[in-house]
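Below, each chain spelled out in residue letters.
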Amino acid sequence: MKPLMQDDGARKTAPNLRIATLDRHKTFQNRKVVMLVRNAERLDRVFPEWLQQNITDTGEYFPNDLNMSPMMFNRPEGPQGFVNDAPITEIGSLNAQMIGRAIRLHDVWPLTAIFCSPTLRCVQTAASIAKGINKPVPVCVEPALFDWCQWYKSMPTILPVEELLRCGFPIAQYETQKNVEQLTSLIGNENIEQFYARIQNVVEKLTSGSNADRILIVAHATVLDAVVKALQKCSPRLVTETDMLHMGTHYPYSCCVTMAQHQGNWNFVHEPICQLSFMGISNRVNAKFVNRTTKAKDVTSKRTMDTEEPKKKKKVLRAG
């Protein structure tokens, strides 16, 4: 059977096959685009005892489920380095590759870069997306995109870029906005407002400039919500600690949120790629939660908008 996609991106069909018809978003033309993807399924959430049951005292790895990676690399600090920094599952990796393929086939492509949290699950998800895209795209590790530090008793052991490269991850050289050491002081001591302000700062820098860049951010559920609030110029005052605890249900594994800039405002783009459904589970974002918590506009920004132009109907994230 002949391939449906050649290396140069040209589509080629076998006589008895037909390429799917794909919607093309004119929304992306000459605009900045930010696509957000949550990390794929965590191994320790599916197999909570995997470190005790699948790694021996001598460090040998024995997977006993097809959803476990057939290989596990050796960390400098040993298996304990996976505590609070777990890898993703095989299904998680496949999900991320499918997202990458969808990005390539739709008008989200070409991407300028992929930025990800320094945790292993986010790096693996970003690398799997890049593999699915099957085109050169830089993957940049940004420590400032790390999870809400309040949840952690100690800073997870983050693999340095040099170690990630040694393990075969396609990480690009990139001047980070924060380093891991700077995050350590925030562990157990970062309130909701401080967390959202940290993410807002990094988002503003990643989206600055006059070029119509398209970037992908791979991070945690909490970070995705903070990026949405930052782009929408919304205060996190409607987000409670209970909301933070349930953020993973509002932004499920491998979920996607895309926003495009128009006349200085960032608007949601409805399903630039198809949703992912498997065994009755979907990666669709909880649009009701997103819309409910993005009503708290920044007072300064709101006054500026009201004085500069007539009030326009705000676009919301559709539930589909």
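Within every chain, residues take consecutive numbers counted from 1 along the sequence as written. With the structure being a predicted model, the display of local features is reserved for residues of pLDDT at least 70 and the display and counting of side-chain atom pairs for 80 or more, all residues being used for whole-chain, interface and lining totals. Derived side-chain values reflect all non-hydrogen atoms in the structure, with water molecules and hydrogen atoms excluded from consideration.

K.L.:
Please set out the overall build of the chain residue by residue, giving values where relevant.
P.N.:
Segments assigned H or I by DSSP are reported as helices when at least four residues long, segments assigned E as strands when at least two residues long, and all are numbered from the N terminus. The secondary structure content of the chain amounts to 12 helices and 8 strands. Only protein chains enter the calculation, and the probe is 1.4 Å; a residue is then buried if its accessible area is under 20% of its type maximum, exposed if over 50%, and partly exposed in between. Each of the 320 residues in the chain was classed as buried or not, and the buried ones make up 47%. Contacts: residue pairs with any heavy atoms within 4.5 Å of one another. Considering only residue pairs separated by 6 or more positions, the chain has 80% of its internal contacts joining residues 24 or more positions apart. Counting only carbon and sulfur atoms, one obtains 51% of the accessible surface of the chain, whose full area is about 16,900 Å². Note on areas: Shrake-Rupley with a 1.4 Å probe; residue coverage comes only from the protein chains shown.

K.L.:
Tell me about helix 3 (residues 90–105), residues and numbers included.
P.N.:
Because the α-helix completes a turn every 3.6 residues, residues three or four places apart line up on one side. A helix is expected to reach a length of 1.5 Å times the quantity of its residues less one. Helix length check: helix 3, at 16 residues, gives a terminal C-alpha distance of 23 Å against a target of 22 Å (1.5 Å per residue), a fit within 8%. Restricting attention to buried positions, one finds in helix 3 the residues Gly 92, Ser 93, Asn 95, Ala 96, Ile 99, Gly 100, Ala 102, Ile 103 and Arg 104. Against strand 1 (33–38), helix 4 (120–133), strand 4 (214–219) and strand 5 (256–262) lie the buried residues of helix 3. Polar contacts, as counted here, are pairs of nitrogen or oxygen atoms within 3.5 Å of one another; within protein the pair requires one atom able to donate a hydrogen and one able to accept it, and residues that are adjacent in sequence qualify only if both atoms are side-chain atoms. If you check the start of helix 3, you find a side-chain oxygen 3.0 Å away from the backbone N of Gly 92, and it comes from Thr 89.

K.L.:
Could you give an account of a nonpolar patch on the surface, naming the residues involved and the relevant values?
P.N.:
A patch consists of residues whose relative accessible area exceeds 30% and which take part in no salt bridge; residues with like charges are grouped when within 9 Å of each other, and nonpolar side chains (Val, Leu, Ile, Met, Phe, Trp, Tyr) when within 5 Å. Salt bridges are identified by distance alone: a Lys or Arg side-chain nitrogen within 4 Å of an Asp or Glu carboxyl oxygen. Together, Ile 91, Phe 278 and Met 279 line one region of the surface with nonpolar side chains, adding up to about 340 Å² of accessible area. Classification of Met 279 as exposed rests on a relative accessible area of 70%.

K.L.:
Go over the pattern of salt bridges with me, naming the residues and quoting the values.
P.N.:
Across all of its chains, the model carries 9 salt bridges by this definition. Measuring nitrogen to oxygen at the nearest pair gives 2.7 Å for the salt bridge that ties Asp 44 to Arg 42. For the residue pair Asp 44 and Arg 42, the accessibility class agrees, reading buried in each case. Arg 75 is the salt-bridge partner of Glu 77, the closest N and O atoms lying 2.5 Å from each other. The partly exposed category is assigned to Glu 77, whose relative accessible area is 34%. Look at the salt bridges and you will find they share partners, linking Arg 42, Asp 44 and Arg 45 into a network.

K.L.:
I'd love a proper account of the packing of aromatic side chains, names of residues and values included.
P.N.:
A pair of Phe, Tyr and Trp rings is counted when the ring centres sit within 6.5 Å of each other, with Trp represented by its six-membered ring. The angle between the planes then sorts it: under 30 degrees is stacked, over 60 is edge-to-face, the rest tilted. Evaluation of the coordinates by the stated rule reveals 7 aromatic pairs. Ring centres of Phe 73 and Phe 82 lie 6.0 Å apart, and the angle between their planes is 55°; on these two criteria the pair is classed as tilted. Residue classification places Phe 82 among the buried residues on the basis of a relative accessible area of 3%. The interplanar angle of 40° and the centroid separation of 5.2 Å between the aromatic rings of Phe 146 and Tyr 152 together place this pair among those described as tilted. A single burial state applies to Phe 146 and to Tyr 152, both of which are buried. Here a set of aromatic residues connected by ring pairs shows up, and it is made of Trp 50, Phe 73, Phe 82 and Phe 169.

K.L.:
Now, about the environment of Phe 278: what can you tell me, with residues and values included?
P.N.:
Structurally, Phe 278 can be placed in strand 7 (residues 277–278). By relative accessible area, which is 48% here, Phe 278 ends up partly exposed. Here the alpha-carbon distance between Phe 278 and Asn 95, two residues 183 residues apart in the chain, equals 9.8 Å.

K.L.:
Outline unusual backbone geometry, supporting the account with residue identities and numerical values.
P.N.:
Residue Pro 110 is reached from Trp 109 by a cis peptide bond, and omega for that bond is 5°. Tracing the backbone through its elements, the reader meets Pro 110 in the loop between helix 3 and strand 2 (113–116). Positive phi, close to 45°, is recorded for Glu 271, a residue that is not glycine. You can see Glu 271 is positioned in the loop between strand 6 (265–268) and strand 7.

K.L.:
Account for the packing of helix 3 against helix 4, with residues named and values stated.
P.N.:
Helix axes are fitted only over the stretch in contact, all axes being lines through C-alpha atoms; the angle between N-to-C directions runs from 0 to 180 degrees. Direction vectors running N to C along helix 3 and helix 4 enclose 45°, while the axes themselves pass 6 Å from each other. By the angle between their directions, the pair helix 3 and helix 4 is classed as oblique. Handedness of the crossing formed by helix 3 with helix 4: right-handed. Listed contacts from helix 4 to Ser 93, Ala 96, Gln 97, Ile 99, Gly 100, Arg 101, Ile 103 and Arg 104 of helix 3 are Thr 125, Ser 128, Ile 129, Lys 131, Gly 132 and Ile 133. Should an angle fall under 35 degrees it is called roughly parallel, over 145 degrees roughly antiparallel, and 65 to 115 degrees roughly perpendicular, with every other angle called oblique. By the definition used in this description, the sense in which the near helix is turned from the far one sets the handedness, with an anticlockwise turn below a right angle giving left-handed and a clockwise turn giving right-handed.

K.L.:
Break down the side chain of Asp 44 for me, with residues and values.
P.N.:
With respect to the helices and strands, Asp 44 occurs in helix 1 (residues 43–46). Among the polar contacts made by the side chain of Asp 44, one reaches the side chain of Arg 42 at a distance of 2.7 Å.

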